[in-house]
Structure formats: C-alpha cells, structure tokens
Amino acid sequence: MTRFLLSLVFLVAISASAQQLKSPSEFLGYELGTQFSRHHEVVDYYEYLAEAAPDRVKLTVYGQTNERRPLILAYVSSAENLSNLENIRQEHLKDTEGTGNLSKAIVWLSYNVHGNESVSTEASMKTIYELLTNKSSYLENTVVIMDPCINPDGRDRYSNWYNQFKNTPYQVDPNSKEHHEGWWSGRSNHYMFDLNRDWAWLTQVESQQRLKVFNQWLPHVHVDFHEQGVDNPYYFAPAAEPYHEVITDFQRNFQVTLGRNHAKYFDANGWFYFTKEVFDLLYPSYGDTYPMYNGSIGMTYEQGGSGRAGLGIITSIGDTLTLKDRIAHHFTTGLSTVEVSSQNAQKLNEEFRKFHQNKAFKYKSYVLKGDKDKLNALKSLLEKHNIAYGDLESGSYKGHHYSSGSTGSLTINKNGMVVSTDQPKGTLVKVLFEPNAKLSDSLTYDITAWSLPYAYGLDAIASTSTVSPQAVQPRVASSSINSGSYAYLADWNSMEDARFLAALLNEGIRVRKADHPFSIDGKSFDRGTLIITKGDNENKKDFITALNSIVQKFNKDITATSTGFVDSGKDFGSSSIQMITKPKIAVLSGGPTSTLRFGEIWHFFEQQLHYPLTVIDDEYADRVDLDEYHILILPDGRYGNYFSEDKLSELKSWVRQGGKIIAMGGSINALDGENGFGIKQKKMEKDTSENSPQPYEDWERERIKGAITGAIFKTKVDNSNPLAYGYDSDYFSLKLGSSAYEYLDYGNAVYLEQNTKPFSGFAGIEAQKRIAETLIFGVENYGRGQVVYMVDNPLFRGFWENGKLFFANALFMVE
C-alpha cells in the first residue's frame, strides 16, 4: 500500500509539473513546425523553462557569436542531481585519472551546427519539454546538457531569409524560391566557416568558447544533429568505416546498441533510415569524432531536408516532407539516446574510466623543434584542448622522423618541446600528432591527413620512449628601440611576423624588405628581413613611440643598427632593398566563388592578419574600378565561363599596368587557355593498357584511383622566390584534389617533383601520376604586375598554420 501511494504521488507530481510548464507551441504562440523560430525566440523559451523549473533546468551563457548572439547551454536533470551538479562533474572527471565513482550518465546534445539544417533547434525545444514532463524518469540518473543552437548566426541568416521569401503558408513545389537559398547560405557561421569541421582546429569563436565548457564535462555520450539531402532517409549510428584505430570495442558496440533502440521506434512508425554508410569516424575535427577521441560515444544523426526543404517540399518520389516530420525524427532519436544512456549509466562510467587508463600506443612522445613563433602557435592550440606539453632546450632524440618519413634523430639546441601520450588527453594527442593515420577503408567522408607537426611547419620525431620535459628559463624578446639608430631589423619566418608587419603598415610606418641575404654588425639576415629606417619615417612625428609600442605588443626581437653599410649583401640604399607597398586589397565574393573558401580569406584578414580587406561581390564587380586596388584575390570556386573574353582582356590589362592577382584553386582554370595568362593545366594521356569493362558495383573504388582525399605531400621550395621567403627548401603541403598545372617558365616557388607518394593520407595511384612534376605555388610576372598561383590552399579551414606565410608573402613580398 505504501509503495502504491508513493507511486501515485510521483505520478501526480509529474502531471502537475507538466500542466505548469508551457509546451514550445504554447509559449511561442504558433504550432511547432509551422514556422522557423528565430534564435531569440528559442533563447526566450529556454529562459522561460529555467525560470519555471529552476530546480531541474540550469541555463548558462557560455559565449557570444561574431554577430553578438548568445551561445547558451541548458543543464537538465532531476532536482537532486541539479543541486549536486558541480560534485557530479568533478567526480566524473576523476575517471580520467581512474579514481572516479560516479553512477550518473552525462549526455550532451548539440543542435544546429549548420545554420540551415534548422530542424534540430526546433526539435531541441520539444525534446527538453518532454524530458521535463513525460520522460522525467530518464533524468533520475542522467544529466543532459543541451546546446540548442551551436551556430546562431547561420541559423538566423537562414530563418530570416526563409521567413522573408516563403509563400503563405508555404509552397511544396521544389522550384519555388523558398527552396533555393542564395550564395550566402545559412550553413556556415559569420565568417562562412563550417563549424562541424572546427572542433580540433578551434579557429572560430563559437568553437573556442564551446570547447572550454565541453572539456569541463567530457560527456559519456555526445550527439551532433544534422540534416542531409531532401531525398535521403534518416541516418543514425553505427557509423561507416573507416573507424580510427583508437576507437574502442565498447564505443563501436554502444553505437550499435543505440542504433537498435532508435530502429525500434522508427520501425514502429514505418519511418525509413540507414546506418553504417557514408559518415565515418576518422577526421578528428567533427562533432562525432572529437568526442570519440576524448572517451565519449560520439555520433552524427542526419535527417533528410536541410535548407532546401523549408516548411514542406515534394521529394523526388512524390512524397511530402514537412518540418513537422523532420522534428519528429530528431525528437525521437534524441529521447532514445537519453533513454539508452540512462539504462546503461553504470557501464558508461566503467568504460569511460577504462578508456582513459589504456594508453598502449606505439609512440610515447612527440618531440618538436622550430621557429619560436610556430612553437607558440602550437602551444596555444594545445592549451585550448587541455593537452599538456613541456619545453626542451637541448638533447638528441631518436624515432620516426617526420621530414624523412623513416627512422632518424632530432637534435635540439633551443626552441624545442615535447608532447606525451601519458596524460588524460593522450588518445587525442596520438590522433592529432600521428605521422600517418591508419585507414581501414580508403573511401572516406573527409581529409585523411592532418598531422600537427606538418601543419605547423615543425621538425619532429615520434619516439617510442617517454621523453621528459626540461626546465627552461622564460625567454624575453631582445629589442633596442632608440632615436639614435639608423634602422631596425626584424626577421620574417612566421605568421606572427606577418601580423607585426601588418600592424606597422596600419600605423603608417614605412618598411623595406631585403631580397637578398646580408650581414651587418656581425649578424646574418635572410631574405624577407624587415628593415625599418629612421630616414623613411622622418615625417612621422611619433615614429619611435609607435614602433616601440608595436614591438612590445608582439614581443618582437629587434636588431638596431647605426649604419646602412652592410658587411655583405646589399646596402640599405640599394634597389634590392625595396619599400613594401601598403596594398589596398579586394576579394571577389558571390557567384563563382566557394562560400567556404571565400570565408577562409575573409577570416584570415580580419581575425588573423588584422589588415583591411574590401569585399567585392560579383553582382556589381563589373562596375568597380580595379585601378583603385593593388591586389585582387580570386577564391577557389567554379568559375566556368565567368571571365568572358572581354573581362579577361580587361583583367590582363590591369595586371600589365601593375596590378596583382592571387588566384586560388579553381579560379586558376579561368585564367589559363590561349586567351589567358601563362598557366597551363597538365594533360594526361589515358592509360588503355587495362581497358576491359569494370563491374558497375566497383565504380566508386575505381573512381578513387584518381582522387586525393586530403593527403600531405613533400614539395620542393625555391626560397629565393619572394613568394617563399621565410621557408626552408622543403614544404609539406596539404593537397585536397588532383588538379595539376605544368611548371611555369619562371617563378616556380613550390612544386612537386617526380616522386609523389604522400607522406600521410590517401592518394589514388592515377592521381599520383597526374600531379607528378607540377606546380604548387608560383608567380608569373606579366607586364609591371604579377599573377600569383596557389594550386593548393594554404588557408584551408584556417588550420594549416605553416602555409599562411605563403599568403602573406603574396600580399607583401611579391612586387
């Protein structure tokens, strides 16, 4: 009788709570699924729930987007758990050291990382309401962390566009405008970056702020809610091969457990779905893989629809897909995930603890050396991931040498560091630093190489021994700024140096560059050295004060000299010591350009280089006078016949008179040909030695013979070319495809030789043949101007740190 009464009281309490809380439809004033909610309306609903049920919902603001929209998290659990939230978190993190004793499951649900995959934010509101009412029993032993919108800027861009252009109430005809977003779609964030590919690289403010909180929790389960094409059914775990080798058997098997539970509900409703296809678990910067490498069960759920679907659309088989349908599917998998996690809370804790205890990796330590600015850039990234590292000042170390691809040694005299896998983040260290990720299947969804020593341009070895860090005295930059010096010299080796130069030019300080090595006062200086003379800046009244301020800001090493008479090389009055023009720069947007590739350039200027950039849209580009600009950047894209014969003639005339084009990726195609510039695509004769018919089912395997899925190649560098100042004789380039161009007659700054086997990642055998003896980066002089060709993308996703100086060289050194 007592047990019956207690159960009755519990049910009555749930019923009363449900009556007190407004559903999303009741609160918003329209039925969920009949409108796209704007971000502020979503925030309002979550704030309402936190006020109405403060014992079970805690709302926090963890950051702000570029467009000043709040980034919020809702912690949802039982009253008892929520009152003990910080103790639960701390006890859980003890499991990374093997000492925790938690019995709760921690589930993190992330919605709307792609802004125009907008159904998930709507589904999040229905999900949290259900958890607080009819499914509150799940919360007795589970903490659910909900991020209702990872990408508010992109979501509002889409929802505002759709609300503006949709028919009333909506039109299901796929030809209607409401199903055709423009070039500036809502998928990406403010800077047109794909936030779902930024978890590891943390180039964007949304990612940086989110990871701070994520690393404070390291949930047992993380779900990233997405949408795919209109005609695709629902996708949920288990994922496709390749799985990275560090993923444990439990992580694999629990994906199956979750998938079977989802399938039970989908089967009951007659809904279609698929698993084990397309979406693999390799590339480390996704919302499923990054959590996996931190011990979570990371998953992607994909609903058919995306920005094309709107409120409703007719599919290719004549069915009508509505926003209500899409909400129902994400709602179901979200609740199913919490249900299964609650049922397996104890097992999730046990396996999370095991994950962090098992560090039987081949390589115990990664030893690196190089330019201090590059080391500092890597250290900054590691700190954001809570990855421990140590300094090294001396010693010789043996292991797999990244530069040679074989066993070798590395001697450090200064500027060294070590990162060990013997730490809570050891698995992530292994994934980010490994020389070559093992592929269980060459058919992958993204790039197959990303190793940080290559990305940051550092000499490195992977050691099978544990290397202990050394005590190193903090280094203070050497600078001597006084009004009595003739000139001040600064090296040119890194993006930090490029930022230093940009700051000088923005301040109105005139700067020269050395086009030849020289020595002065017993010190040697390389090509690209910045030379700041008192004579060039005599009309700037606050010259010394301004220069000193910038030097201190960048902690920059400066060498002062009392003379322009060099010991060897060219004197400072020589024509070889040219003034660096403060260039006025424009970039083409819209139309033929890729939004993502344009965004990388935009972000580079505003958030990395801090130098002004004019964005010229293709809709009015014909009306812009290019004579107002020194440089025109053409982002990668699909240009087709964008440059008519007349347009190309005008462009050539502008370059001939002193303009500079930086052509990237697909834009190069628009500049070749008999009416273009000197660049030529490499022609390949078709191999007919094996010309027998191939089975239809093998077509995809055959296709990848000619593909490169993001692989790293060792290239040769002519560092006497201004485009390559600051580089050594080798450069490891991330190649994203098999596009190939012949060597230029002159100006080949970076190029591939005959051997094109990748150092890391996958490249098909036919693709390797195609790219042999081809250009990577080059400069063609044309009249008084130049065309800079960038076949590979040094700004790709903002993380290939060692490529960025090439882009800075194209801006400031190539003249």
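Not measured: the values here are computed from a predicted model.

### Section: the overall build of the chain
Here is step 1 of the chain: Within the chain one finds 23 helices and 34 strands.
Here is step 2 of the chain: Here the chain has a C-alpha radius of gyration of 29 Å; the compact-globule value for 815 residues is 28 Å, and the two agree.
Here is step 3 of the chain: Sorting the 815 residues of the chain into buried and exposed places 59% on the buried side.
Here is step 4 of the chain: Within the chain, contacts between residues separated by at least 24 positions form 78% of all contacts whose residues are at least 6 apart in sequence.
Here is step 5 of the chain: Here the chain has roughly 33,100 Å² of accessible surface; of this, 46% comes from carbon and sulfur atoms.
Here is step 6 of the chain: Between the centroid of the 81 positive side chains of the chain and the centroid of its 99 negative side chains there is a distance of 3 Å.

### Focus on the environment of Glu 753
Here is step 1 of the chain: Residue placement: Glu 753 occurs in the loop between strand 32 (748–751) and helix 22 (765–771).
Here is step 2 of the chain: Once the C-alpha coordinates of Glu 753 and Leu 211 are considered, the two residues, 542 residues apart in sequence, prove to be 41 Å apart.
Here is step 3 of the chain: Setting aside anything within four residues of it in sequence, one finds Glu 753 in contact with Lys 716, Tyr 743, Ala 772 and Glu 773.

### So, the pairing of strand 30 (residues 711–717)
Side-chain positions along a regular strand alternate between the two faces of the sheet.
Here is step 1 of the chain: In terms of residue burial, strand 30 counts as a mostly covered element, since five of its seven residues are buried.
Here is step 2 of the chain: Bridge count between strand 30 and strand 31 (residues 730–735): six bridges; the pairing is antiparallel. When the bridges of strand 31 are listed, Phe 713 appears paired with Ser 733.
Here is step 3 of the chain: Note that strand 30 and strand 32 share two bridges and pair antiparallel. Paired with Lys 716 across the bridge in strand 32 is Tyr 751.

### Here's the deal with helix 19 (residues 595–609)
Here is step 1 of the chain: In this model helix 19 runs 20 Å from its N-terminal to its C-terminal C-alpha over 15 residues, within 8% of the 21 Å that 1.5 Å per residue would give.
Here is step 2 of the chain: The principal kink in helix 19, of about 30 degrees, is found at His 603.
Here is step 3 of the chain: The element helix 19 is extensively covered by neighbouring structure, given that 12 of its 15 residues are classed as buried.
Here is step 4 of the chain: Taken together, the buried positions of helix 19 are occupied by Thr 595, Arg 597, Phe 598, Gly 599, Glu 600, Ile 601, Trp 602, His 603, Phe 604, Phe 605, Gln 608 and Leu 609.
Here is step 5 of the chain: Contacts from the buried residues of helix 19 go to helix 17 (495–506), strand 26 (585–589), strand 27 (614–617), strand 28 (631–634), strand 29 (660–664) and helix 23 (804–812).
Here is step 6 of the chain: A distance of 3.3 Å separates the backbone nitrogen of Leu 596 from a side-chain oxygen at the start of helix 19, and that oxygen is part of Ser 594.
Here is step 7 of the chain: Within two residues after helix 19, His 610 carries a phi angle of roughly 60 degrees, on the positive side.

### As for the sheet that holds strand 23 (residues 530–533)
Here is step 1 of the chain: Spatially, five strands are ordered 24-19-23-20-25 in an open sheet, and the strand pairing comes out antiparallel. In this open sheet, the two strands that pair with only one neighbour each are strand 24 (559–561) and strand 25 (577–579). In this sheet, neighbouring strand axes are inclined to one another by 30 degrees on average, regardless of whether the strands run parallel or antiparallel.
Here is step 2 of the chain: Pairing analysis gives three bridges linking strand 19 (residues 487–490) to strand 24, with the strands arranged antiparallel. What sits directly across from Leu 489, in strand 24, is Thr 559.

### Overview of helix 20 (residues 645–656)
One turn of the α-helix equals 3.6 residues, which is why residues spaced by three or four share an orientation.
Here is step 1 of the chain: Taking 1.5 Å per residue as the helical rise, helix 20 with its 12 residues ought to reach 16 Å, and the 16 Å between its terminal C-alpha atoms agrees with that figure.
Here is step 2 of the chain: Of the surrounding secondary structure, the elements contacted by the buried residues of helix 20 are strand 28, strand 29, strand 33 (775–782) and strand 34 (785–790).
Here is step 3 of the chain: Trailing helix 20 by a residue or two, Gly 658 shows a phi angle of about 125 degrees, which is positive.

### Here we look at the pairing of strand 13 (residues 365–369)
Here is step 1 of the chain: The element strand 13 is largely enclosed, with a buried count of four among its five residues.
Here is step 2 of the chain: Note that strand 13 and strand 17 (residues 416–420) share five bridges and pair antiparallel. When the sheet's bridge partners are listed, Ser 365 is paired in strand 17 with Ser 420.
Here is step 3 of the chain: In this sheet, strand 18 (residues 459–463) lies alongside strand 13 in antiparallel orientation, the contact comprising five bridges. By the bridge assignment, Leu 368 is partnered in strand 18 with Ala 460.

### Re the side chain of Asp 194
Here is step 1 of the chain: Within the secondary structure, Asp 194 sits in the loop between helix 7 (152–165) and helix 8 (205–217).
Here is step 2 of the chain: On the basis of relative accessible area, Asp 194 is assigned to the buried category, the value being 8%.
Here is step 3 of the chain: A polar contact of 2.9 Å, which involves the side chain of Asp 194, links it to the backbone nitrogen of Asn 196.
Here is step 4 of the chain: At 2.5 Å, the side chain of Asp 194 forms a polar contact with the side chain of Arg 197.

### Considerations on unusual backbone geometry
Here is step 1 of the chain: A cis amide bond, omega -5 degrees, links Thr 168 with the succeeding residue Pro 169.
Here is step 2 of the chain: Within the secondary structure layout, Pro 169 lies in the loop between helix 7 and helix 8.
Here is step 3 of the chain: Residues Ala 237 and Pro 238 are joined by a peptide bond in cis, for which omega reads 10 degrees.
Here is step 4 of the chain: Here Pro 238 shows up in the loop between strand 6 (234–235) and strand 7 (240–243).
Here is step 5 of the chain: Although it is not a glycine, Leu 218 sits at a positive phi angle of roughly 45 degrees.
Here is step 6 of the chain: Its location among the elements puts Leu 218 in the loop between helix 8 and strand 5 (221–228).
Here is step 7 of the chain: The class of Leu 218 is buried, set by a relative accessible area of 6%.
Here is step 8 of the chain: Despite not being glycine, Val 278 has its phi angle at roughly 70 degrees, a positive value.
Here is step 9 of the chain: Its location among the elements puts Val 278 in the loop between strand 8 (273–274) and strand 9 (280–281).

### Things to note about the sheet that holds strand 31
Here is step 1 of the chain: Spatially, 27-26-28-29-34-33-32-30-31 is the arrangement adopted by the nine strands of the open sheet, whose pairing is mixed. Since the sheet does not close on itself, it has two edges, and those belong to strand 27 and strand 31, each with one partner. The average angle at which neighbouring strand axes cross in this sheet is 20 degrees, direction not considered.

### Considerations on the pattern of salt bridges
Any two side chains of opposite charge can pair, so long as their charged atoms come close to each other.
Here is step 1 of the chain: Enumeration according to the criterion identifies 36 salt bridges in this entry.
Here is step 2 of the chain: Across the pair Lys 354 and Glu 351 runs a salt bridge whose closest N-O atoms are separated by 3.4 Å. With Lys 354 and Glu 351 both in helix 13 (residues 345–357) and three residues apart, the pair spans about one turn of that helix.
Here is step 3 of the chain: On the basis of relative accessibility, which here comes to 15%, the residue Glu 351 falls in the buried class.
Here is step 4 of the chain: A salt bridge links Asp 497 to Lys 556; the shortest N-O distance between them is 2.3 Å. In this pair, Asp 497 sits in helix 17 while Lys 556 sits in the loop between helix 18 (543–553) and strand 24, placing the two residues 59 residues apart along the sequence.

### Here's the deal with the packing of aromatic side chains
Here is step 1 of the chain: Per the stated rule, a full pass over the model turns up 63 aromatic pairs.
Here is step 2 of the chain: Between Phe 250 and Phe 254, the ring centres sit 5.4 Å apart and the planes meet at 35 degrees, which makes this aromatic pair tilted. Of the two residues, Phe 250 and Phe 254 both sit in helix 9 (residues 249–269), four residues apart, roughly one turn of that helix.
Here is step 3 of the chain: Residue Phe 250 is classed as buried on the basis of its relative accessible area, which comes to 15%.
Here is step 4 of the chain: Both rings, one in Phe 279 and one in Tyr 445, keep their centres 5.1 Å apart while their planes meet at 65 degrees; by these two values the pair is edge-to-face. With Phe 279 in the loop between strand 8 and strand 9 and Tyr 445 in the loop between helix 15 (426–433) and helix 16 (452–455), this residue pair connects regions lying 166 residues apart in the sequence.
Here is step 5 of the chain: Judged by its relative accessible area of 8%, Phe 279 is buried.
Here is step 6 of the chain: Between the NZ or CZ atom of Lys 584 and the centre of the ring of Tyr 629, over which it lies, the distance is 5.0 Å.

Definitions and limits used
Residues numbered from 1 in each chain as written. Predicted model: local features only at pLDDT ≥ 70, side-chain atom pairs only at ≥ 80, totals over all residues. Heavy atoms only, no water. Helix = DSSP H or I, 4+ residues; strand = E, 2+ residues; numbered from the N terminus. Rg over C-alpha atoms; globule rule 2.2 N^0.38 Å. Buried < 20%, exposed > 50% of the residue type's maximum accessible area, 1.4 Å probe, protein only. Contact = heavy atoms within 4.5 Å. Areas by Shrake-Rupley, 256 points an atom, 1.4 Å probe, with all protein chains shown as cover. Lys, Arg positive; Asp, Glu negative; His and termini not counted. Charge placed at Lys NZ, Arg CZ, Asp CG, Glu CD. Pairing = 2+ DSSP bridges. Expected span 1.5 Å × (residues − 1). Bend = angle between axes of the 7 residues up to and from the residue. Polar contact = N/O pair within 3.5 Å; in protein donor to acceptor, adjacent residues only side chain to side chain. Axes fitted to C-alpha atoms, helices over the stretch in contact; angles between N-to-C directions. Salt bridge = Lys/Arg side-chain N within 4 Å of Asp/Glu carboxyl O. Phe/Tyr/Trp six-rings, centres within 6.5 Å; stacked < 30°, edge-to-face > 60°. Lys NZ or Arg CZ within 6 Å of the ring centre and 35° of its normal.

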